[in-house]
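# Chain and residue survey
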Amino acid sequence: MRMTELLAPTLRETPAEAEIASHQLLLRGGFIRKAAAGIYTYLPLGRRVLAKIEAIVREEMDRAGGQEVVLPIIQPAELWQESGRWEVYGEEMFRLQDRHQRQFCLGPTHEEIITALVRSEVTSYKQLPLLLYQIQNKYRDERRPRFGLLRGREFVMKDLYSFDRDQEGLNESYRKMYQAYSNVFRRCGLDCRPVQADSGAIGGNYSHEFMALAAAGEALLVYCRECDYAANVEIAVARALTKGAAEDPLPLKEVATPGQRTVAEICSFLDVTPDRLIKTIFYEADGQLVAALVRGDRELNEVKLQNHLGCRQLSLADPQKVREATGAPVGFVGPVGLSGVPLYADLEIPYLVNGVAGANREDYHLVNVNPGRDFKPAAVADLRQVEAGEPCPQCGAPLSQARGIEVGQVFQLGTKYSQALGANYTDARGEEHPLVMGCYGIGVSRTMAAIVEQYHDDRGIIWPLSVAPYQVVIIPAAMKDESQREVAEGLYRELVAAGVEVVLDDRDERAGLKFVEADLIGYPLRVTVGKRTVTNGTVDAKWRSQDEVPLPLEGLASRIQALLAEEMQKYR
Ligand code: ATP
Ligand code: MG
């Protein structure tokens, strides 16, 4: 490709709306443009990177036995009503009507449509296992589309669905996908960590997320350096306590705490440490008011609470409702004497001795609160967020923490969808069973952004060779110099003929500007044809983040191919 013909509109300034490196650099490098919030156009360079990632994904899915299909983006409401998810999906779903007022949605995911397909096309155990996948746009009306390609409303996903006879078969399909995912992300150059994960709205009971480690990641994970434990904090298991403080319970007492609402304020006012406090947090769970209790030095984990309650919707309760239920404003509420609101206590709560809690009276707290004596929770469960330094639930070593971008997730679904939609097969004895399913997603466009998060510097992107839009850029320092131009054109023709993906920066621009743009776009290998080419018979070759080395003109094209082949070994 000639730079004079390539549509790669680079931007000198960082667009104000872009907060993180990948968003900034993909805009500045001319890879993407925004059409609406969370909706992007891919320009030629962006499309090439996406195609590279897709090709890697496709190879690994095929290698694992996957068969590619294309499922419709527009899906009829009836299927979603059959599975019960038409309501559950809520505002995240883009819904539309046809001219006959029939309801449809733009697919946010494809379990329903694929299960319906398999229900009618697969009947016998002989047709199993079956692994079907597609690479296609998904539509989710995210509450907060942001960070460019990381959280879009229209984005590219690879989704594969496995159909097996039984749990054993599913385990095998899951194992294959887990391995395929590790291969995909390694070949994309990503530093990625699989972690145990919550299965969320998709349902099912066993899941892993693949996290690309990056400071910009929205996910928080904990992992152990001593054993293989790694989990999203949403589900990371807290070690249970076995004993409380060696103190005698004292009589419950109400104390005035005028204007003291926060943990920090109460601790300093009453001169106690935060681990003595009982935080009482009110939620609405499918419309019902509940209260969750964690120690003052802990954070409540909403995913754990929601999973424990098994509710569809969980949100912080409206402060007015809290006041109606307790008689006090938020900040002065507590578990003692509270009736009509079920209390869910974290594992540490029962071990508190002489704790502090809101008195359900404005400007008052209770001291010497003793759980068990002073209030009875409806249930005690692991509800708090695990933090760095806490003991690993497997081996007890201190846990480390990191931020990650969820680039993929694998789920064991079991029979949730096959039962809801009646997708069965008959075994060798003629008995009917529901298909046992798994589903496996990769955020292809999110992966593109995640790669940029891991591979950039203050000058621009540093594409791993396996996913670079072009592998080589040839820069003639002075396009007007006839001998430089001839060498550059000759090398370009040879590389193109050899199948190398190469850009010739044939613009009549300053060399400095061409270098700046090449660094911004992030071509892995830069070959500069300049004065020394004519005087010494060499060009300057430079990997994006290394120093220049001179290469002789003699046999140059094959030398470059050999360099590329060697570098490509890293991404096998
Ligand atoms: P998240 O928790 O980030 O919202 P999710 O768990 O809802 O994602 P899945 O349903 O597991 O997403 O979808 C499979 C993959 O699709 C995810 O692992 C992620 O890489 C990608 N993905 C999901 N939502 C988006 C989005 N809004 N923009 C880009 N990629 C996305
Ligand atoms: Mg997910």
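Counting of residues starts from 1 at the beginning of each chain's written sequence and follows it residue by residue. Note on labels: chains are lettered from A, ligands numbered from 1, in written order. Only residues with pLDDT of at least 70 are given local features in this predicted model, and only at 80 or more are side-chain atom pairs given and counted; all residues enter the totals for whole chains, interfaces and linings. The side-chain quantities take in all heavy atoms of the structure and omit both hydrogens and water.

Of the regular secondary structure elements, the protein chain holds 15 helices and 31 strands. Viewed in the frame of its principal axes, the protein chain has a C-alpha envelope of about 95 × 70 × 50 Å. Exposed residues in this analysis have more than 50% of their type's maximum accessible area, buried residues have under 20%, and partly exposed residues fall in between, with area computed by a 1.4 Å probe over protein chains only. Every one of the 572 residues in the protein chain was classed for burial, and the buried ones make up 53%. Residue contacts are defined here by distance: any two heavy atoms, one from each residue, within 4.5 Å place the two residues in contact. Contacts spanning at least 24 positions in sequence make up 70% of the contacts within the protein chain whose residues lie at least 6 apart. Residue exposure ignores everything except the shown protein chains as possible cover, and the areas themselves are Shrake-Rupley values with a 1.4 Å probe. Per element, the accessible surface of the protein chain, about 25,400 Å² overall, is 48% carbon and sulfur. Numbered from the N terminus, helices here are DSSP runs of H or I no shorter than four residues, and strands are runs of E no shorter than two.

This paragraph deals with the pairing of strand 1 (residues 32-36). Any two strands with at least two DSSP-identified bridges between them are counted as paired. Bridging between strand 1 and strand 2 (residues 39-42) involves 4 bridges; their strand directions are antiparallel. Looking across to strand 2, one finds that Ala 36 is bridged to Ile 39. In textbook terms, the turn of a hairpin is the stretch between consecutive antiparallel strands, and for strand 1 and strand 2 this stretch comprises 2 residues, one of which, Gly 38, has a positive phi near 75°.

Moving on, we come to the packing of aromatic side chains. When the centres of two rings from Phe, Tyr and Trp lie within 6.5 Å, Trp using its six-membered ring, the rings pair. Their planes under 30 degrees apart give stacked, over 60 give edge-to-face, and anything left gives tilted. Tallied over the entire structure, the rule returns 8 aromatic pairs. Between Tyr 174 and Tyr 206 the ring centres are 5.3 Å apart and the planes differ by 50°, which places this aromatic pair in the tilted class. Taken together, the residues Tyr 174 in helix 6 (residues 167-187) and Tyr 206 in strand 10 (residues 206-213) connect sequence positions 32 residues apart. Here Tyr 174 falls in the buried class, since its relative accessible area comes to 5%. For Tyr 206, a relative accessible area of 44% gives the class partly exposed. A network of ring pairs unites the aromatic residues Tyr 178, Tyr 181, Phe 185 and Phe 210 as a single cluster. In this analysis the charged atom, NZ for Lys or CZ for Arg, is taken to sit over a ring once it is within 6 Å of the ring centre and within 35 degrees of the ring normal. Taking NZ or CZ as reference, Arg 526 lies 4.0 Å from the ring centre of Phe 515, over its face.

With that settled, the discussion passes to the domain arrangement of the protein chain. Note that domain bounds follow an automatic or database assignment of domains. When cut into domains, the protein chain gives domain 1 (36-236 + 401-453), domain 2 (253-381) and domain 3 (463-571). A separation of 65 Å is found between the C-alpha centroids of domain 2 and domain 3.

As a further point, take the packing of helix 12 (residues 482-497) against helix 15 (residues 556-568). Angles run from 0 to 180 degrees between N-to-C directions of axes, and those axes are lines fitted to C-alpha atoms, restricted for helices to the stretch in contact. The contact between helix 12 and helix 15 brings their axes to 9 Å, and the two run at 50°. With respect to helix 15, the element helix 12 is oriented oblique. The hand of the helix 12/helix 15 crossing is right-handed. Of helix 15, the residues touching helix 12 (which contributes Leu 491, Glu 494 and Leu 495) are Leu 556, Ala 557 and Ile 560. Polarity classes work like this: nonpolar for Ala, Val, Leu, Ile, Met, Phe, Trp, Tyr, Cys and Pro, charged for Asp, Glu, Lys and Arg, and polar for all others, with Gly in that last group. The residue makeup of the contact of helix 12 with helix 15, split by class, is 5 nonpolar, no polar and 1 charged. With respect to orientation, any angle under 35 degrees is reported as roughly parallel, any angle over 145 as roughly antiparallel, any angle of 65 to 115 as roughly perpendicular, and every other angle as oblique. Note on convention: near helix rotated counterclockwise from far helix by under a right angle means a left-handed crossing. Clockwise means right-handed.

Here a residue is considered near a molecule or strand provided that any single heavy atom belonging to it is located within 4 Å of it. Near ligand 1 you find 14 residues, and of these Arg 140, Glu 142, Arg 151, Gly 152 and Glu 406 are the closest. Contact between ligand 1 and Leu 150: a nitrogen atom at 3.5 Å from a main-chain N or O atom of the residue. Here Arg 151 contributes a side-chain N or O atom positioned 2.8 Å from an oxygen atom of ligand 1. Across the complex, the protein chains shield 84% of the 580 Å² of accessible surface that ligand 1 would expose by itself. Among the secondary structure elements, those contributing two or more residues to the shell around ligand 1 are strand 8 (154-164) and strand 21 (399-414). With 4 residues, strand 21 is the single largest residue contributor to the shell around ligand 1. Of the residues in the shell around ligand 1, the class split is 5 nonpolar, 4 polar and 5 charged. Any N or O atom pair separated by 3.5 Å or less is treated as a polar contact, with the protein-specific requirement of one donor-capable and one acceptor-capable atom, and with residues adjacent in sequence counted only for side-chain atom pairs.

Now for the pairing of strand 29 (residues 525-529). For strand 29, a buried count of 5 out of 5 residues is recorded, marking the element as mostly surrounded by other parts of the structure. Here strand 29 shows two buried faces, one formed by Leu 525, Val 527 and Val 529 and the other by Arg 526 and Thr 528. As judged from the 5 bridges shared by strand 27 (residues 472-476) and strand 29, these two strands associate in the parallel manner. By the bridge assignment for strand 29, Pro 476 is matched with Val 529. As defined by bridge partners, strand 29 adjoins strand 30 (residues 538-543) across 4 bridges and the pair is classed as antiparallel. By the bridge assignment for strand 30, Leu 525 is matched with Trp 543.

Moving on to the sheet that holds strand 18 (residues 355-358). An order of 13-19-18 is seen for the 3 strands of this open sheet, with the pairing classed as antiparallel. The open sheet is flanked by strand 13 (253-256) and strand 18, the only strands paired with a single partner. Strand-to-strand twist across the sheet, computed as the mean angle between neighbouring axes with direction ignored, equals 30°. As judged from the 4 bridges shared by strand 18 and strand 19 (residues 364-369), these two strands associate in the antiparallel manner.

Turning next to unusual backbone geometry. Across the chain, the bulk of peptide bonds are trans and the bulk of non-glycine residues have phi less than zero. Here the bond from Leu 128 into Pro 129 is cis, since omega is 0°, no more than 30 degrees from zero. Within the secondary structure layout, Pro 129 lies in the loop between helix 5 (111-121) and strand 7 (130-139). Despite not being glycine, Asp 286 shows a phi value in the positive range, around 45°. Its place among the elements puts Asp 286 in the loop between strand 14 (278-285) and strand 15 (288-295).

Our focus in this paragraph is the side chain of Asp 346. Within the secondary structure, Asp 346 is located in strand 17 (residues 343-346). Assessed through its relative accessible area of 1%, Asp 346 is described here as buried. Sequence-distant contacts of Asp 346, defined by excluding residues within four places in its chain, comprise Leu 293, Val 294, Val 380, Ala 381, Asp 382, Leu 383 and Arg 384.

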